[in-house]
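# A structural walkthrough
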Amino acid sequence: QVQLEESGGGLVQAGGSLRLSCAASGRIPINAMGWHRQAPGKERELVAAIISGGNIKYDESVKGRFTISKDKSGNTVYLQMNDLKPEDTAVYYCKMYTSWGDIWGQGTQVTVSS
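Figured I'd write up the structure that's included with this text. (Residues numbered from 1 in each chain as written. Predicted model: local features only at pLDDT ≥ 70, side-chain atom pairs only at ≥ 80, totals over all residues. Heavy atoms only, no water.)

Counting its regular elements, the protein chain contains 0 helices and 11 strands. Along the protein chain, from the amino end to the carboxyl end, the secondary structure elements read β-β-β-β-β-β-β-β-β-β-β. Here the C-alpha atoms of the protein chain give a radius of gyration of 13 Å, agreeing with the 13 Å that 2.2 N^0.38 yields for 114 residues. Overall, the protein chain is about 40 × 25 × 25 Å in size when its C-alpha atoms are taken along their principal axes. The buried share of the protein chain, reckoned over its 114 residues, is 40%. Put simply, 54% of the contacts in the protein chain that link residues at least 6 apart link residues at least 24 apart. A total accessible area of about 6300 Å² is found for the protein chain, and carbon and sulfur atoms account for 44% of it. (Helix = DSSP H or I, 4+ residues; strand = E, 2+ residues; numbered from the N terminus. Rg over C-alpha atoms; globule rule 2.2 N^0.38 Å. Buried < 20%, exposed > 50% of the residue type's maximum accessible area, 1.4 Å probe, protein only. Contact = heavy atoms within 4.5 Å. Areas by Shrake-Rupley, 256 points an atom, 1.4 Å probe, with all protein chains shown as cover.)

So, about the environment of Met-81. Topologically, Met-81 is positioned in strand E8 (residues 76-81). For the pair Met-81 and Leu-18, spaced 63 residues apart in the sequence, the C-alpha separation amounts to 5.2 Å. Among residues more than four places away in sequence, those in contact with Met-81 are Gly-16, Ser-17, Leu-18, Leu-20, Arg-65, Phe-66, Tyr-92 and Val-110.

This part covers the state of the cysteines. With the rule as written, the count across this model stands at 1 disulfide. Linked covalently through their sulfurs, Cys-22 and Cys-94 form a disulfide whose S-S length is 1.9 Å. Taking the torsion about the sulfur-sulfur bond, which here is approximately 45°, the covalent link between Cys-22 and Cys-94 counts as right-handed. Separated by 72 residues along the polypeptide, Cys-22 in strand E3 (residues 18-24) and Cys-94 in strand E9 (residues 90-98) bring together distant segments of the chain. Looking at Cys-94, the relative accessible area reads 0%, which means it is buried. (Disulfide = S-S within 2.5 Å.)

Among the secondary structure elements, Leu-4 is positioned in strand E1 (residues 4-7). Residue Leu-4 is classed as buried on the basis of its relative accessible area of 8%. Distance in space between the C-alpha atoms of Leu-4 and Ile-103 is 7.6 Å, their sequence separation being 99 residues. Look past the residues within four positions of Leu-4 in its chain and what remains in contact with it is Cys-22, Ala-23, Ala-24, Cys-94, Met-96, Ile-103, Trp-104 and Gly-105.

Moving on to the sheet that holds E3. Taken in spatial order, the 4 strands make up an open sheet running E1-E3-E8-E7, and their pairing is antiparallel. With one partner strand each, in any of the chains shown, E1 and strand E7 (66-70) form the two edges of the open sheet. Strand after strand, the sheet turns through a mean of 15° between neighbouring axes, direction not considered. With 6 bridges joining them, E3 and E8 adopt antiparallel strand pairing. Residue Cys-22 lies in a different strand from E8, and its bridge partner there is Val-77. (Pairing = 2+ DSSP bridges. Axes fitted to C-alpha atoms, helices over the stretch in contact; angles between N-to-C directions.)

In structure tokens:
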């Protein structure tokens, strides 16, 4: 019954910034949180994640440009995206790993024009 609400996607020019957010509608025993993306014709890939214990993982293509963080409540995850590139264009999905099972967001479109 728990839902994830994603927001923050949009159309920007190369070099611009966007901040994505993903909030759980209810209290969940969340163990880890992450962001994935899927570009047209490509498979969904991990972008960044906050793993149990507080460890953070980034895909090499976004290191130094993207920052993942979570709210103090523990129910919201953010992805700050700076210096966006056309190759970042994709549908971004948040994911929360819980003791009940994994939950996916509906996805938000990010389009970066050259």
